[in-house]
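Chains, contacts and geometry: an overview
Below, each chain spelled out in residue letters.
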Amino acid sequence: MRRFGDRVLRPNERRIDSEGRIPDEVLRGMADLGLLAMPVSTDFGGLGASSVLTELAAEEIGRGDFSMATAVFFLLEAGWGFILDRHGTPEAKREILPEVCAGRAFLGIATTEPTGGSDLARLRTTSTRSAEGFTVRGEKAFLSGVEEAQRLGGGHLTLTRATEGGFRFLYVPTRGPGRTTQRFSNMGRMGISTGAIHYDDAPVPSRYLLGADGRGFEVAMEGFTVARTFVSAACIGAAERALETGMAYLKQREVFGQPLGKFEAIQFELVDLWTQVEAIKWQCRRAAWLTDRYLRSGSATQRSEVQRTVAAVKLTRPATRLRVR
Ligand SMILES: Cc1cc2nc3c(=O)[nH]c(=O)nc-3n(C[C@H](O)[C@H](O)[C@H](O)COP(=O)(O)OP(=O)(O)OC[C@H]3O[C@@H](n4cnc5c(N)ncnc54)[C@H](O)[C@@H]3O)c2cc1C
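Rules of the game
- Residues numbered from 1 in each chain as written.
- Predicted model: local features only at pLDDT ≥ 70, side-chain atom pairs only at ≥ 80, totals over all residues.
- Heavy atoms only, no water.
- UniProt positions renumbered as here; feature names shortened; annotations may be inferred.
- Helix = DSSP H or I, 4+ residues; strand = E, 2+ residues; numbered from the N terminus.
- Rg over C-alpha atoms; globule rule 2.2 N^0.38 Å.
- Buried < 20%, exposed > 50% of the residue type's maximum accessible area, 1.4 Å probe, protein only.
- Contact = heavy atoms within 4.5 Å.
- Areas by Shrake-Rupley, 256 points an atom, 1.4 Å probe, with all protein chains shown as cover.
- Lys, Arg positive; Asp, Glu negative; His and termini not counted.
- Charge placed at Lys NZ, Arg CZ, Asp CG, Glu CD.
- Salt bridge = Lys/Arg side-chain N within 4 Å of Asp/Glu carboxyl O.
- Core = buried A, V, L, I, M, F, W, Y, C linked by side-chain atoms within 4.5 Å.
- Phe/Tyr/Trp six-rings, centres within 6.5 Å; stacked < 30°, edge-to-face > 60°.
- Domains from an automatic or database assignment.
- Buried area = accessible area lost by both parts, 1.4 Å probe.
- Near = heavy atom within 4 Å.
- Polar contact = N/O pair within 3.5 Å; in protein donor to acceptor, adjacent residues only side chain to side chain.
- Pairing = 2+ DSSP bridges.

Named according to an unreviewed UniProt entry, the protein is Acyl-CoA dehydrogenase domain-containing protein originating from mine drainage metagenome. Its UniProt record gives the protein a comment under Cofactor (unreviewed entry), which states: "FAD". In its Sequence similarities (unreviewed entry) section, the UniProt record describing the protein reads: "Belongs to the acyl-CoA dehydrogenase family."

1. A closer look at the overall build of the protein
Tallying secondary structure elements over the protein gives nine helices and ten strands in all. Taken over C-alpha atoms, the radius of gyration comes to 21 Å for the protein, in line with the 20 Å a tight globule of 325 residues would show. Along the longest, intermediate and shortest principal axes, the C-alpha atoms of the protein span 80 × 40 × 40 Å. For the protein, with 325 residues in total, the buried portion stands at 53%. Restricting the contact set of the protein to residue pairs at least 6 apart, pairs at least 24 apart contribute 74%. Carbon and sulfur atoms form 53% of the exposed surface of the protein, whose accessible area is close to 14,600 Å². Taking the average place of the 44 positive charges on the side chains of the protein and the average place of its 38 negative ones, the gap between the two points comes to 3 Å.

2. Concerning the environment of Ile22
Positionally, Ile22 belongs in the loop between α1 (2–19) and α2 (24–32). Sequence spacing of Ile22 and Glu148 is 126 residues, and the spatial spacing of their C-alpha atoms is 9.4 Å. Contacts of Ile22, omitting those with residues within four sequence positions, involve Ile16, Leu27, Ala69, Thr70, Phe73 and Gly191.

3. So, the pattern of salt bridges
Summed over the entire model, instances satisfying the criterion amount to 26 salt bridges. Residues Asp24 and Arg21 are paired through a salt bridge, measuring 3.1 Å at the closest nitrogen-oxygen approach. Look at Asp24 and you get partly exposed, because its relative accessible area is 35%. A residue is classified by how much of its surface remains accessible, and Arg21, at 29% relative accessible area, is partly exposed.

4. A closer look at the nonpolar core
Judged by nonpolar contacts, the single largest core of 72 residues is most densely connected at Met30, Leu35, Phe74, Trp80, Leu157 and Phe169. Here Leu35 is in contact with Met1, Phe4, Met30, Ala57, Ile61 and Phe74, once residues within four sequence places are set aside. Counting residues in each nonpolar core, the second largest holds eleven residues, with Ile236, Tyr249, Ile266 and Leu270 among its members.

5. Details of the packing of aromatic side chains
One pass over the full model with this rule turns up six aromatic pairs. Aromatic side chains Phe167 and Phe217 sit 5.1 Å apart centroid to centroid with 50° between the ring planes, which places their arrangement in the tilted category. Of this pair, Phe167 sits in strand β5 (residues 167–173) while Phe217 sits in helix α7 (residues 216–252), and the two are 50 residues apart along the sequence. Classification of Phe217 as partly exposed rests on a relative accessible area of 23%. Grouping aromatic residues by their ring pairs yields a cluster made of Trp80, Phe169 and Phe224.

6. Comments concerning the domain arrangement of the protein
Parsing the protein into structural domains produces domain 1 (2–106), domain 2 (107–215) and domain 3 (218–323). In total, domain 1 and domain 3 occlude about 2,200 Å² of area from one another, counting both sides; carbon and sulfur atoms represent 67% of this. Between domain 1 and domain 3 we count six salt bridges in total. For Glu55, the salt bridge is made with Arg285, and the minimal N-O distance between the two is 3.4 Å.

7. Here's the deal with the side chain of Arg285
Tracing the backbone shows Arg285 in helix α8 (residues 264–293). Beyond its immediate chain neighbours, meaning those up to four positions away, Arg285 contacts Val52, Glu55, Leu56 and Glu59.

8. Looking at the site of the ligand
Near the ligand you find Ile109, Ala110, Thr111, Thr112, Gly116, Gly117, Ser118, Phe142, Leu143, Ser144 and Arg189, and these make up its full shell. A distance of 2.6 Å is found between a nitrogen atom of the ligand and a side-chain nitrogen or oxygen belonging to Thr112. Between a nitrogen atom of the ligand and a main-chain N or O atom of Phe142, the distance comes to 2.9 Å. Computed on the free molecule, the ligand has an accessible area of 970 Å², of which 39% lies beneath the protein chains in the complex. Elements with a minimum of two residues in the shell around the ligand: β1 (106–110) and β3 (133–144).

9. Here we look at the pairing of strand β4 (residues 154–162)
Within β4, eight of the nine residues are buried, which leaves the element mostly enclosed by the surrounding structure. The pairing of β1 with β4 spans five bridges and is classified as parallel. Residue pairing in the sheet places Leu107 in a bridge with Gly155 of β4. Both strand β2 (residues 126–129) and β4 contribute to a ladder of two bridges, which runs parallel. Residue pairing across strands places Thr126 opposite Arg161, the latter belonging to β4. Strand direction decides the pairing type here: β4 and β5, joined by seven bridges, are antiparallel. Within the sheet, the bridge partner assigned to Leu157 lies in β5 and is Tyr171. The turn linking β4 back onto β5 is made up of four residues, and Gly165 within it adopts a positive phi angle of 125°.

In structure tokens form, the structure reads like this:
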């Protein structure tokens, strides 16, 4: 993984950001290593990887591509591929998962709407039973991978309010009638698109339902529990690289007749940062282990995710400052 990050991701990271997409050869390389949707079972083209192994891979990808685009692509497919494998119908799994694992289709998550993303119990996009399955109506916004799903094929696991009661979690392919997509022009993390999908009675076959009809909210929340561990791991990988980059600079840059790193004030700060990175890394591993062991132990995973993500952002700040001339 470290070699893949150094040889393939690092040389491409600026290009990923400036061209606004992950090059096909990078995705092919990930597919060849079995990294795409790696927790998916071997029956459907994955490695059947544990959360611990997936978390280690996320760390290396976050470290390899500092733009974070590849890490987001990786963790979406890992987390939501796992959920489709656990809760999808056999037909849907046979049809979708091998394509995702081979890098021939994108799989993302669509919960956020223009009116908000935290309070999902109040979402407005609806699904209604029809002769062939369901029709979806409404809009999802700030979705990662809208353009990738158009270009490669694939779609998003989409949380909807069932007009008959409860919530429905559906795989909605991005291509098809009744869908309109839009790419947002935002700043940062340019290598994977952010956008919206508008559904105007978009037909979705019944085989694309995940879990029990009306119980989609629980399935989606289970997915967030799994995906959060991978988000944290990618952040800590990036934080570790920022620290290493800062350290290399401190050894090389001389002021007042000695390298910057010889000054005690800077050494103290670095030791604090390293200690935090190490502590958070092991917390990540524990959360991944807990996910493997008790999938539903959401509270431990969620609590540590908030701590780790906030800490990873804080950790990159001084490391970046130490490096910036
Ligand atoms: C780059 C990017 C990619 C994304 N990718 C996806 C994706 O692939 N799929 C997807 O579905 N969504 C995606 N999102 C959306 C993301 O999940 C939402 O931004 C997030 O859920 C928060 O929703 P919101 O932005 O609507 O904020 P809101 O829900 O409107 O919240 C506004 C603010 O209030 C705070 N807040 C909310 N509730 C409380 C509370 N109870 N107490 C205190 N403070 C609170 C929030 O922390 C936030 O700061 C993406 C967002 C970004 C920026």
